[in-house]
Amino acid sequence: MAGPQTTRKKRANGVESRQRILDAAVEIAGERGYEGTSIAAVSAKCGLPASSIYWHFKDKDDLIAAVIERSFATWLAAVELPGEDAGTPLERVTAMAASVAKSLIDAPDFLRLGLMLALERRPTEPRGRTVFLEVREIAGAKIAEMAQALVPDLGEESVRLLTAYAVAGADGLFVQREIHGDAVDLVAMFELHARLVYEAATRMAARKEE
């Protein structure tokens, strides 16, 4: 019978193996895309047998979905509006935008892979695409919540419109950096995007009051 120490060691080894597999999948998918990613390629990259990968993940689609979920969790942690002591609403929004941009530079996998999958149409939808669309809903809800908190006079339709615009703009800036690399200052671009969205929000709220 395995003792507590042996159980903890097995659990730790399992967590480490899972992270190695996910790290390898990120590299392979980044180089080859969804279609070019295979369990065999991930196995070769991480040095673990395919049986270990299948122990953690049902199939390739399950693995890609897990990559998206892990990367999104890292990104979501950055989507926090600084407190009121951090400055004006505009300063707080701009600071958060910079944090989000930095997190996308450090953990771009959920957006990179998710956008690839979102643009594809298949008879059987990959689970990774479904997961990506779900996490986008979470991100959108968080942005809408912030918009309502910072500009309380915004109507429901204005919040919906601004949220869609903010998410679409962020997608575009990310794609721009994927194309042009470090020539695009993603942090500066996200800060500009945040200022423009905030200014639009205040104008929309002012029109509602007229």
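Structure first, text after, so check above.
Residues numbered from 1 in each chain as written. Predicted model: local features only at pLDDT ≥ 70, side-chain atom pairs only at ≥ 80, totals over all residues. Heavy atoms only, no water.

Caption draft 1: Fine view of the overall build of the protein chain. Of regular secondary structure, the protein chain possesses 9 helices and 0 strands. The N-to-C order of helical and strand elements in the protein chain reads α-α-α-α-α-α-α-α-α. Taking the principal axes of the C-alpha coordinates as reference, the protein chain spans close to 70 × 40 × 35 Å. (Helix = DSSP H or I, 4+ residues; strand = E, 2+ residues; numbered from the N terminus.)

Caption draft 2: Empty space enclosed by the protein, seen in detail. Tallied over the entire structure, the rule returns 1 cavity of 30 Å³ or more. Considering only enclosed or pocket space, the largest cavity measures out at about 540 Å³ in volume. In terms of lining, the largest cavity is formed by 30 residues, of which the most central are M96, I143, A166, V167 and H193. Elements with a contribution of two residues or more to the lining of the largest cavity: α5 (89-106), α6 (109-118), α7 (127-150), α8 (156-180) and α9 (186-209). Counting residues per element, the lining of the largest cavity draws most heavily on α7, which supplies 7 residues. Residue classes in the lining of the largest cavity are distributed as 26 nonpolar, 2 polar and 2 charged. (1 Å grid on protein atoms, 1.4 Å probe; cavity = no way out; pocket = protein on both sides within 12 Å on 5 of 7 lines; lining within 4 Å. Points joined across faces, edges and corners; volume = space filled by probe spheres on them. Nonpolar A, V, L, I, M, F, W, Y, C, P; charged D, E, K, R; others polar.)

Caption draft 3: Representation of the environment of V184 in the model. Structurally, the position occupied by V184 is in the loop between α8 and α9. As for V184 and A97, which are separated by 87 residues in sequence, their C-alpha atoms are 15 Å apart. Discounting residues that sit within four places of it in the chain, V184 has contacts with Q176, R177 and M189. (Contact = heavy atoms within 4.5 Å.)

Caption draft 4: Here's a closer look at the environment of R70. Within the secondary structure, R70 sits in helix α4 (residues 60-76). For R70, a relative accessible area of 26% puts it in the partly exposed group. In the structure, R70 is positioned 39 residues away from D109 in sequence and 8.8 Å away in space, judged by C-alpha atoms. Look past the residues within four positions of R70 in its chain and what remains in contact with it is Q19, L22, D23 and V26. Reaching out from R70, the side chain makes a polar contact with the side chain of D23 at a distance of 2.8 Å. (Buried < 20%, exposed > 50% of the residue type's maximum accessible area, 1.4 Å probe, protein only. Polar contact = N/O pair within 3.5 Å; in protein donor to acceptor, adjacent residues only side chain to side chain.)

Caption draft 5: Seen up close, the packing of α7 against α8. Two elements in contact, α7 and α8, have axes separated by 9 Å at closest approach and are oriented at 125°. Between α7 and α8, the crossing angle belongs to the class labelled oblique. The element α7 and its partner α8 pack so that their crossing is right-handed. Where α7 abuts α8, its residues R136, G140, I143, A144 and Q148 lie against V159, T163, A166, V167 and D171. Class assignment for the residues of the contact of α7 with α8 results in 5 nonpolar, 3 polar and 2 charged. (Axes fitted to C-alpha atoms, helices over the stretch in contact; angles between N-to-C directions. Parallel < 35°, antiparallel > 145°, perpendicular 65-115°, else oblique. Left-handed = near helix turned anticlockwise from the far one by under 90°.)

Caption draft 6: Main features of the side chain of R177. Tracing the sequence through the fold places R177 in helix α8. When its relative accessible area of 18% is taken as the criterion, R177 is described as buried. The contacts of R177, once residues within four sequence positions are left out, are I105, D182, V184 and L186.

Caption draft 7: Molecular detail of the nonpolar core. By size, the foremost hydrophobic cluster in this structure holds 62 residues, and its most contacted members are F110, L154 and F190. Looking at this core, the element that brings in the most residues is α9, giving 9 residues. (Core = buried A, V, L, I, M, F, W, Y, C linked by side-chain atoms within 4.5 Å.)

Caption draft 8: Just the pattern of salt bridges, in detail. A complete count under the given rule lists 9 salt bridges for this structure. Its salt-bridge partner being D23, residue R70 comes within 2.8 Å of it at the nearest N-O pair. With R70 in helix α4 and D23 in helix α1 (residues 4-36), this pair connects stretches of sequence that are 47 residues apart. For D23, a relative accessible area of 40% corresponds to the partly exposed category. A salt bridge links R112 to E178, with the shortest nitrogen-to-oxygen separation between them at 2.8 Å. A residue pair is termed long-range when its members are at least 10 positions apart, and R112 in helix α6 and E178 in helix α8 qualify at 66 residues. Of the residues examined, E178 reaches a relative accessible area of 35% and is grouped as partly exposed. Within this structure, D62, E69 and R127 form a network of salt bridges that share partners. (Salt bridge = Lys/Arg side-chain N within 4 Å of Asp/Glu carboxyl O.)

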